[in-house]
Number of protein chains: 2
Amino acid sequence: MLFGMIDGKRLTELQLIARIQGSRRSRNAVLRVGIGDDCAVLRVPAGHEMIVTTDFSLEGRHFRRDWHSAQSVGHRCLARGLSDIAAMGGRPVVAFLSLALPKNFEVAWFDGFMEGFNALAERFGVELAGGDTAEAPGAEILADVMVVGAVPGGKALLRSGAKVGDSLYVTGSLGGAAVQLAALAAGAACPMVAESGQPQAFPQPRVEAGEALRGIATSCMDLSDGLSTDLRHLCEASGVGADTWAAALPIAPGATLEQALHGGEDYELLFTAGGEVPGWIAGVEVTRIGTVVAGSAVRIDGRELEVGGWEHFRG
Amino acid sequence: MLFGMIDGKRLTELQLIARIQGSRRSRNAVLRVGIGDDCAVLRVPAGHEMIVTTDFSLEGRHFRRDWHSAQSVGHRCLARGLSDIAAMGGRPVVAFLSLALPKNFEVAWFDGFMEGFNALAERFGVELAGGDTAEAPGAEILADVMVVGAVPGGKALLRSGAKVGDSLYVTGSLGGAAVQLAALAAGAACPMVAESGQPQAFPQPRVEAGEALRGIATSCMDLSDGLSTDLRHLCEASGVGADTWAAALPIAPGATLEQALHGGEDYELLFTAGGEVPGWIAGVEVTRIGTVVAGSAVRIDGRELEVGGWEHFRG
């Protein structure tokens, strides 16, 4: 299939795949057969289970080309999945990238996208193991990224393990992504390389912290839709309620309480634990924000915590 | 996130996920944690490797709502991945469905889509283990389906194992999908349930035949882009050439030689073998169509077999 991509010239699907393959750098022991056959073949480490997550990143819904650099889009596509792996206490091993590009697309944008994607993959030793390419039916770039990870058998951190009396914690700070999103929407430049202090453009999945939480956390999930939405999901999965305190929330610099509660895409970990929890885990600060209680009510300072989570970009 | 789906009423993302979950029927031993957590957790059978494939099904590229019934679209989305698993000699176990639907979408279409998807999944004991949902940025329906399968360790059928002197075989017949595609384009009605004799609307992945070919085939792939394109891929992966004969091709009823050579989406298996090969495997006829030769030339009746494969629907 021909791609209407340019630089003056057209790029065939095979050339595009070769370009994706050429940008591969990581190597790991799980991937036995990668790009180029009908399937990837994965050898699961002894005593481990595989964990799998898949996330769309659609232009206009999850990113905008006028707000995000190509590198940021590539980074964020993969970060969504890595954060899900982290939330299970797993180690990411391979990723699959399905990418549909509109006709007459800029090769430079694609190269920037792969740069951002690969830099993050390399940091976690994740190998690109396959995927699919197509010409997009409309004008929007469409990506779907799957990440496969490994976790010791029976040790995955689930949403359903919270117990009445557990304490409730979050890693890092909340609302920073919402602050940066507002800035990008107002015209702030988006960096082309991952830098700290860019929580929306270059979120840092808490992979090391997630692994360290195995044996500590009774339940865990990542904060992609905002605390008010995600805490309710965790409570529903565990059949419990929660009491939280506004004064305890680790609000990101410049963020409001509203942004900390309802801003999405912070990609921090929300977890519960019964015993002692260190103040820092794998280099990330951990803050106690509440208690798991009987019932199903989710409260902040005694009032119901209304759901007001992330709805991506409104059409 | 709210979906602009109708029936008069709007459907939230959670309601849509509930509807997807509710339509799940199969159960298998591999899936330990399914829809509803950050990741699915898979327990790999002892002594097995996992095989993974992912395929886009984009409206306007891979299907058209005015040509294909909703049930056919759901069936075909999953059939693409099952056929890749078959080509590796594996057994499919779980699938992940990422589905983006345009604003104000018909719930009835979605239900028909899931009906087609689930009927095929059930036939092979495949469980829907997760995925993602989103509102599509444009007017087109966007699906990306991942299928995970299992294969005994080291036994996966690769494209790279063909040896000079091997014979070349295909299952079933070729060109039937191209014939039906032409009929659908000309206004023929598309059935709503899987029936035999509907190779484009309801292709039958050769899963049982693929499993039976372990220990027989030296290399294998599925015919998704057309024989002329795919045979070249197999030869390139194996570092060999091929001589084929037009008179030997199992041309589907009503198909031309051109359609058999270049029509895509037949989803038959193309394989090579050195020893004896039965005329029928797992209920499917097997036809010898040529010989693996030294060099890199791919020929039919002594002339070069020009690539003229499937380019999906031209924009």
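Numbers given for residues are sequential positions, taken from 1 along each chain in its written order. Note on labels: chains are lettered from A, ligands numbered from 1, in written order. Since the coordinates come from a predicted model, pLDDT governs what is reported: local features require at least 70, and pairs of side-chain atoms require 80 or more to be given and counted, while whole-chain, interface and lining totals use all residues. With hydrogens and water set aside, each side-chain value is computed from the structure's full complement of heavy atoms.

1. Some remarks on the sheet that holds strand β6 (residues 91-101) of chain B
Then, number 1: DSSP bridges decide pairing: two strands pair if at least two such bridges lie between them. Secondary structure elements follow DSSP: runs of H or I no shorter than four residues count as helices, runs of E no shorter than two count as strands, and numbering proceeds from the N terminus. Pairing is mixed across the open sheet formed by six strands, whose spatial order is β3(A)-β4(A)-β5(B)-β8(B)-β6(B)-β7(B). The sheet is open, and its two edges are formed by β3 (31-33) of chain A together with β7 (127-135) of chain B, each paired on a single side. Going across the sheet, the axis of each strand differs from the next one's by a mean of 25 degrees, ignoring polarity.
Then, number 2: The pairing of β6(B) with strand β8 (residues 142-152) of chain B spans nine bridges and is antiparallel. Across the sheet, Leu99(B) pairs through a bridge with Ala143(B), a residue of β8(B).
Then, number 3: By definition in these notes, contact holds between two residues if any of their heavy atoms fall within 4.5 Å. Orientation is described by axes fitted as lines to C-alpha atoms, over the contacting stretch for helices, and by angles from 0 to 180 degrees between their N-to-C directions. Where helix α2 (residues 70-87) of chain B meets the sheet, it contacts β5 (48-58), β6 and β8 of chain B, and its direction lies at approximately 145 degrees from that of β5(B).
Then, number 4: Along the sheet, helix α3 (residues 107-123) of chain B makes contact with β6, β7 and β8 of chain B, crossing β6(B) at roughly 165 degrees.

2. Section: the sheet that holds strand β4 (residues 40-42) of chain B
Then, number 1: Judged by pairing direction, the sheet is mixed, and its six strands sit side by side in the order β7(A)-β6(A)-β8(A)-β5(A)-β4(B)-β3(B) without closing on themselves. The open sheet is flanked by β7 (127-135) of chain A together with β3 (31-33) of chain B, the only strands paired with a single partner. On average, each strand axis in the sheet is tilted by 25 degrees relative to the strand beside it, whichever way the strands run.
Then, number 2: Bridging between strand β5 (residues 48-58) of chain A and strand β8 (residues 142-152) of chain A involves eleven bridges; their strand directions are antiparallel. When the bridges of β8(A) are listed, Ile51(A) appears paired with Gly149(A).
Then, number 3: The strands that helix α3 (residues 107-123) of chain A touches are β6 (91-101), β7 and β8 of chain A; relative to β6(A), the one it contacts most, it runs at about 165 degrees.

3. A few points about the pairing of β5(A)
Then, number 1: Each residue is placed in one exposure class: buried if its accessible area under a 1.4 Å probe, protein chains only, is under 20% of its type's maximum, exposed if it is over 50%, and partly exposed if it falls in between. Extensive coverage of β5(A) is indicated by the burial of ten of its eleven residues.
Then, number 2: Judged from the three bridges that link them, β5(A) and β4(B) form a sheet pairing that is antiparallel. Opposite Ile51(A), over in β4(B), you have Val41(B) as the bridge partner.

4. Quick look at the interface of chain A and chain B
Then, number 1: At the interface, 57 residues of chain A touch 56 residues of chain B.
Then, number 2: Simply put, the buried area is the total loss of 1.4 Å probe accessible area from both parts when two parts are fitted together. Between chain A and chain B, roughly 4600 Å² of surface is buried when both sides are summed, and carbon and sulfur atoms account for 59% of that area.
Then, number 3: The largest share of the area that chain A buries against chain B comes from Asp38(A), Phe56(A) and Pro137(A), three residues that together contribute 15% of it.
Then, number 4: Criterion for a salt bridge: a side-chain nitrogen of Lys or Arg within 4 Å of a carboxyl oxygen of Asp or Glu. Taken together, chain A and chain B are joined by ten salt bridges.
Then, number 5: We note a salt bridge from Glu49(A) to Arg32(B), for which the minimum N-O separation is 2.9 Å.
Then, number 6: Contacts described as polar in this section are N or O atom pairs within 3.5 Å, which, within protein, must combine one atom able to donate a hydrogen with one able to accept it, while residues neighboring in sequence count only if both atoms come from side chains. Inspection of the region where chain A meets chain B yields 26 residue pairs in polar contact (both at pLDDT 80 or more).
Then, number 7: Contributions of two or more residues to the side of chain A that touches chain B are made by β3, β4 (40-42), β5, α2 (70-87), β6, β7, β8 and β10 (219-222) of chain A.
Then, number 8: Each residue receives one of three labels: charged for Asp, Glu, Lys and Arg, nonpolar for Ala, Val, Leu, Ile, Met, Phe, Trp, Tyr, Cys and Pro, and polar for the others, Gly being one of them. Its residues assigned to classes, the side of chain A that touches chain B shows 30 nonpolar, ten polar and 17 charged.

5. What to know about unusual backbone geometry
All names here are of chain B.
Then, number 1: Here tyrosine 267, not a glycine, exhibits a phi torsion of approximately 55 degrees, which is positive.
Then, number 2: Even without a glycine there, the phi angle at aspartate 301 is positive, about 50 degrees.
Then, number 3: Examined against the element boundaries, aspartate 301 turns out to sit in the loop between β15 (298-300) and β16 (303-304).
Then, number 4: By relative accessible area, aspartate 301 is classed as partly exposed at 44%.

6. Details of the relation of the copies chain A and chain B
Then, number 1: A least-squares superposition brings the copies together, and it is based on the C-alpha atoms of residues with pLDDT no lower than 70 in both. The transformation that overlays chain A on chain B combines an axial shift of 0.0 Å with a rotation of 180 degrees, and the residual RMSD is 0.0 Å. Taken together, the rotation and translation describe the operation of a two-fold axis. The rotation axis passes nearest to the C-alpha of Gly138(A) in chain A, at a distance of 3.3 Å.
Then, number 2: The residues that chain A uses at the interface reappear at the interface of chain B in 98% of cases, marking a shared surface.

7. So, the packing of aromatic side chains
Residues and elements named next belong to chain A.
Then, number 1: Ring geometry is summarised as follows: Phe, Tyr and Trp rings, the Trp one being its six-membered ring, pair when their centres sit within 6.5 Å, and such pairs are stacked at plane angles under 30 degrees, edge-to-face over 60 and tilted between the two. In the structure shown here, the tally under the stated rule is eight aromatic pairs over all chains.
Then, number 2: When the ring of phenylalanine 113 is compared with that of phenylalanine 117, the centres are 6.3 Å apart and the planes differ by 25 degrees; the resulting orientation is stacked. Highlighted residues: phenylalanine 113 and phenylalanine 117, both in helix α3, separated by four residues, approximately one helical turn.
Then, number 3: The class of phenylalanine 117 is buried, set by a relative accessible area of 1%.
Then, number 4: An aromatic cluster of at least three residues, connected via ring pairs, comprises Phe105, Trp109, Phe113 and Phe117.

8. A closer look at the packing of α2(A) against α3(A)
All names here are of chain A.
Then, number 1: Interhelical geometry of α2 versus α3 gives an angle of 40 degrees and a closest axis separation of 6 Å. In terms of orientation, α2 lies oblique with respect to α3. The interaxial crossing formed by α2 with α3 has right-handed handedness. Facing Ala70, Gln71, Val73, Gly74, His75, Cys77, Leu78, Ala79 and Leu82 of α2, the residues of α3 in contact are Trp109, Gly112, Phe113, Glu115, Gly116, Phe117, Leu120 and Ala121.
Then, number 2: Residue composition of the contact of α2 with α3, by class: eleven nonpolar, five polar and one charged. Should an angle fall under 35 degrees it is called roughly parallel, over 145 degrees roughly antiparallel, and 65 to 115 degrees roughly perpendicular, with every other angle called oblique. Less than a right angle of anticlockwise turn of the near helix away from the far helix marks a crossing as left-handed, whereas a clockwise turn marks it as right-handed.

9. A short note on the environment of Gly112(A)
Residues and elements named next belong to chain A.
Then, number 1: Mapping glycine 112 onto the fold places it in helix α3.
Then, number 2: Residue glycine 112 is classed as buried on the basis of its relative accessible area, which comes to 4%.
Then, number 3: Sequence separation between glycine 112 and glycine 74 is 38 residues, and the spatial gap between their C-alpha atoms is 7.6 Å.
Then, number 4: Discounting chain neighbours no more than four positions away, the residues touching glycine 112 are Ala70 and Gln71.

10. Notes on α3(B)
Residues and elements named next belong to chain B.
Then, number 1: Here α3 spans 24 Å end to end across 17 residues, near enough to the 24 Å set by a 1.5 Å rise per residue.
Then, number 2: Among all positions in α3, only Val107, Trp109, Phe110, Gly112, Phe113, Met114, Gly116, Phe117, Asn118, Leu120 and Ala121 are buried.
Then, number 3: At the exit of α3 stands glycine 125, carrying a positive phi of roughly 65 degrees. For a helix, the expected span equals 1.5 Å multiplied by the residue count minus one.

11. Structural notes on the confidence of the model for chain A
All names here are of chain A.
Then, number 1: The quantity known as pLDDT measures the predictor's confidence residue by residue, on a range of 0 to 100. Averaged over every residue, the pLDDT of chain A is 92; residues scoring 70 or more account for 91%.
Then, number 2: Under a pLDDT of 50 for its full length, residues 1-8 has, in the predicted model, 39 contacts with residues more than four places off or in other chains.
Then, number 3: In this model residues 310-315 is a low-confidence stretch, pLDDT under 50, and it forms 20 contacts with partners more than four residues away in sequence or in other chains.
Then, number 4: What the predictor reports for the complex is a pTM of 0.93 with an ipTM of 0.91.

12. As for the state of the cysteines
Then, number 1: By definition, disulfides here are pairs of cysteine sulfur atoms that lie within 2.5 Å. Following the criterion strictly, the structure yields zero disulfides over all chains and no others.
Then, number 2: Here Cys77(B) stays free of any disulfide, with the sulfur of Cys190(B) as its closest cysteine sulfur at 13 Å.
Then, number 3: With a relative accessible area of 1%, Cys77(B) lands in the buried category.
Then, number 4: Here Cys220(B) stays unpaired: no disulfide links it, and the sulfur of Cys39(A), its closest cysteine neighbor, is 11 Å away.

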